[in-house]
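Breakdown of the fold
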Amino acid sequence: MKIGIRLKFIFFTSLLIATIGIASSWFFSTQTRIHFEDELKKRGYSLITQLAQDGEVKGSMSVAQKAFFDEPIRRLRRLDIEQEIAYWRVLLAQGNILLEEKEKWIKTEIEKIPVNKNMENITDPVFNLYTTGNGEQFYNFAVPIYEKRSIAEEEFAAQFFGSDEDYDENEEELLGIIQIGLTPERINKKMQKILWVNSIPLGIIIVLVGVGVSYFIASGVVKPIEQLVKITDKVAAGDLDQKVAISSRDEIGLLASQFNQMTRNLKQLIEEKEGVTEKLKYVNKELSSINIELVQKHEQLNDAQEQLVRTEKLAAVGTLASGVSHELRNPLSAIKNAVFLLKRKLSRNVIPDIDEKVMQFLDIMDKEIDRSSKIINDLLGFTRVAKPTRLSTDINAVVNETLTRVEIAENIKLSKDLQSDLPMVMIDANQIGQILINLIENACQAMIDGGELKISTKVSESFMAIQISDSGSGIPEKVLKKIFDPLFTTKASGTGLGLALCQGIIQKHNGVIDVKSQEGIGTEMLIKLPLEDKDAGPA
Amino acid sequence: MQDQLNILIVDDEPGIRVTLAGILEDDGYNVVVTEDGEKGITAAEKKNFDIAFIDMRMPGINGIKTFKEIKKISPNTIIFFMTAFLDEDTLNEANKLKAQEILYKPLDVDLILKILSTI
């Protein structure tokens, strides 16, 4: 269970006040009792002294007559206004008890109260405190009674001559002892009365006042703390504009002002944090844009690397191809010369009765030599694309001229979309024509079962765009990347030089050649030639 | 028939020089064949040639040097270079020397015969 600070404070403060109250009451009642007891003692001494000095008592004792004591006892009881005398006893010198009586309300038997004896050489009254078996307490007083002195002159003389010390009372004769007992019953009652009438109500008042006072003190301390707790809750919930409105100059006030300061600092920190978060977001954005740029650069780098690899490959292939081609040219030339001579000799009928097939086979040889020669020329052309001789040319005219030089199968539908009024471009018409032938042938080969061949020209941005598309078998994605690589071919009889040569020529023209293809749908080749090229001069 | 033109062929490739000589002789020309530049020059010193076919790339004295030497001996000789190689530097040099023509191998024999018939 949670016990509030208010309850704790009230409890401990009340406990403290009650303890102080109880302690002071105890002290007060003890002092009062001591005072009462002293008074009782004084009264006891006074009573017994008066009794001892009563001449009638002395007389009565000397004659040992019990009845003579009636009057002195009555006087004694009259003097006892508070009715505190419990018992009285007269003891003769011989030790006999002449008289012993007690008040009726005293429970203890008179015989059980001890008798004062052996009081020779004592003049003053003796005090004892008796507590009987049944718990009754008695203030017991006893005084010895001596015979009345007759030599008054002697006494006077002794006083007069200053030899009082020599005067010896022991010389007097002991008549007996008078003993009286006073009961503290009245004091007890008084004390009880004080307890019930004064101490307990006072104690209750003290406790109540203590509780009240501590309640108010607690309220004074706890209220601001409760306010602080409330505000702390709100601040914890995120409302940093909360302020504790305590302006007292004590520790609570200090706590409140420091709490307010703390809240302000917290707010400032949070605002700073938000600022930093904003900045971080901004930095993050920048980073991601840098990242995008990096990715782009990376892609460009990859492309450049691929280009480099291709170029290196081209160079290697070029060296090989050029070496082999050149070496083949001499034997081809010799064979060609030989065939030429043989054919000429045969045509002049130098040798009679010759088989028809000899001539026919020589023709085949001649054609195959030309074909071999063409392959070599292609190889050499690819390894060494001659610098284009660029002249201002109408691209549509080149396209049309090319179309007259290629054979397009009957099952292929040709559709031309040549934009009119195209600007002239600086190109080597022979080289570009060669490319177009190559591309158109490729397109036709992809449409063995027929299809549509589309050729279009148009201006796109700062380029002249020539597009050749077919509805053929398309190129698989894996193959698509390699189609411009030299010696790469999917054809049974291809050299793998056609597209590499095309790319070489386009690059010499500072243009680009792109391919898009989807298997089963077709292929689209796009050539882009710059309209204005500083290498070529004005178009 | 044309006049008996004297023709010199200098080529280290036996197949070329033999077949080319065969064709030209068949056409009625006087043909001398040598297998390198040095022998070609020696031949030119002995005899005046109207026409010379010189291979550009040969072991020993190459086509260019052979050309120069023969031109020194007989400046009127018309010289054709033959080559299987597309070497731009050599071609440029050949052009500077004002050679009649550069013939690429495999040789276009019809073209050669046509040219010769006009001389």
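Rules used throughout
- Residues numbered from 1 in each chain as written.
- Chains lettered and ligands numbered in written order.
- Predicted model: local features only at pLDDT ≥ 70, side-chain atom pairs only at ≥ 80, totals over all residues.
- Helix = DSSP H or I, 4+ residues; strand = E, 2+ residues; numbered from the N terminus.
- Buried ≥ 20, exposed ≤ 12 C-beta atoms within 10 Å, placed from the backbone.
- Contact = placed C-beta atoms within 7 Å.
- Nonpolar A, V, L, I, M, F, W, Y, C, P; charged D, E, K, R; others polar.
- Axes fitted to C-alpha atoms, helices over the stretch in contact; angles between N-to-C directions.
- Parallel < 35°, antiparallel > 145°, perpendicular 65-115°, else oblique.
- Left-handed = near helix turned anticlockwise from the far one by under 90°.
- Pairing = 2+ DSSP bridges.
- Core = buried A, V, L, I, M, F, W, Y, C linked by C-beta atoms within 7 Å.

Describing the overall build of chain A
Secondary structure summary: chain A contains 11 helices and 12 strands in total. Going through the 539 residues of chain A one by one, you find that 22% of them count as buried.

Concerning the overall build of chain B
Helix and strand counts for chain B stand at five helices and five strands. Moving toward the C terminus, one meets the helices and strands of chain B in the order β-α-β-α-β-α-β-α-β-α. In chain B, which comprises 119 residues, the share counted as buried stands at 37%. Taking the contacts inside chain B whose residues are at least 6 apart along the sequence as the reference set, 60% of them involve residues at least 24 apart.

Side note on the interface of chain B and chain A
Contacts between chain B and chain A engage 15 residues on the former and 17 residues on the latter. At seven residues, helix H1 (residues 14–26) of chain B tops the list of elements feeding residues into the side of chain B that touches chain A. Among the residues forming the side of chain B that touches chain A, the class breakdown is nine nonpolar, three polar and three charged.

Digging into the packing of helix H6 (residues 251–347) of chain A against H1(B)
Running from N to C, H6(A) and H1(B) point in directions that differ by 25°, and their axes come no closer than 8 Å. Comparing the axis directions of H6(A) and H1(B) gives the class roughly parallel. Every pair of crossing elements has a handedness; the one defined by H6(A) and H1(B) is left-handed. Across the interface between the two elements, Asn330(A), Pro331(A), Ser333(A), Ala334(A), Asn337(A), Ala338(A), Phe340(A), Leu341(A) and Arg344(A) from H6(A) touch Gly15(B), Ile16(B), Thr19(B), Leu20(B), Gly22(B), Ile23(B) and Asp26(B) from H1(B). Taken together, the residues that form the contact of H6(A) with H1(B) break down as eight nonpolar, six polar and two charged.

Section: the sheet that holds strand E10 (residues 463–470) of chain A
Residues and elements named next belong to chain A. Pairing is mixed across the open sheet formed by five strands, whose spatial order is E7-E9-E10-E12-E11. The open sheet has two edge strands with one neighbour each: strand E7 (412–418) and strand E11 (512–518). Across the sheet, the mean angle from the axis of one strand to that of its neighbour is 10°, orientation sign disregarded. In this structure, E7 lies alongside strand E9 (residues 451–460), joined through seven bridges in parallel fashion.

Considerations on the packing of helix H5 (residues 185–236) of chain A against H6(A)
All names here are of chain A. One can describe the packing of H5 onto H6 by two numbers: an axis separation of 11 Å at closest approach and a directional angle of 10°. Judged by the angle between their axes, H5 and H6 are roughly parallel. For the pair H5 and H6, contact is made by Pro-224, Leu-228 and Val-235 and by Ile-252, Leu-255, Ala-256, Phe-259 and Thr-263, respectively. Residues belonging to the contact of H5 with H6 are distributed by class as follows: seven nonpolar, one polar and no charged.

Here's the deal with the pairing of strand E5 (residues 174–182) of chain A
Residues and elements named next belong to chain A. Within E5, eight of the nine residues are buried, leaving the element largely enclosed by the surrounding structure. In this sheet, E5 lies alongside strand E1 (residues 85–92) in antiparallel orientation, the contact comprising seven bridges. Along E5, the bridge assignment pairs Tyr-87 with Gly-181. Sheet topology note: the strand E4 (residues 137–146)/E5 ladder contains eight bridges and is antiparallel.

Quick notes on unusual backbone geometry
Here Lys105(B) and Pro106(B) are connected by a cis peptide whose omega angle stands at -5°. Of note, Pro106(B) is situated in the loop between strand E5 (101–104) and helix H5 (109–118). Located in the positive-phi region is Glu461(A), a residue other than glycine, with phi close to 55°. Positionally, Glu461(A) belongs in the loop between E9 and E10. Accessibility expressed as a C-beta count within 10 Å gives 7 for Glu461(A), which makes it exposed.

Brief notes about the sheet that holds E5(A)
Residue and element names in this part refer to chain A. Spatially, E2-E1-E5-E4-E3 is the arrangement adopted by the five strands of the open sheet, whose pairing is antiparallel. Strand pairing shows two members of the sheet lacking a second neighbour, strand E2 (97–102) and strand E3 (126–131), which therefore form its edges. Neighbour to neighbour, the strand axes of the sheet diverge by 15° on average, direction disregarded.

So, the nonpolar core
Counting 35 residues, the largest nonpolar core has Ile435(A), Leu436(A), Leu439(A), Ala443(A), Ile468(A) and Cys502(A) as the members making the most contacts within it. Residue assignment for this core shows that the elements contributing at least two residues are helix H7 (356–383), helix H8 (395–405), strand E8 (425–427), helix H9 (429–445), E9, E10, helix H11 (498–508) and strand E12 (522–530) of chain A. Top element by residues in this core is H9(A). It accounts for seven residues. In this structure Ile435(A) touches Cys502(A), Ile505(A) and Ile506(A), once residues within four positions along its chain are discounted. Counting residues in hydrophobic clusters, the runner-up holds 34 residues, among them Val33(B), Met56(B), Leu107(B) and Val109(B).

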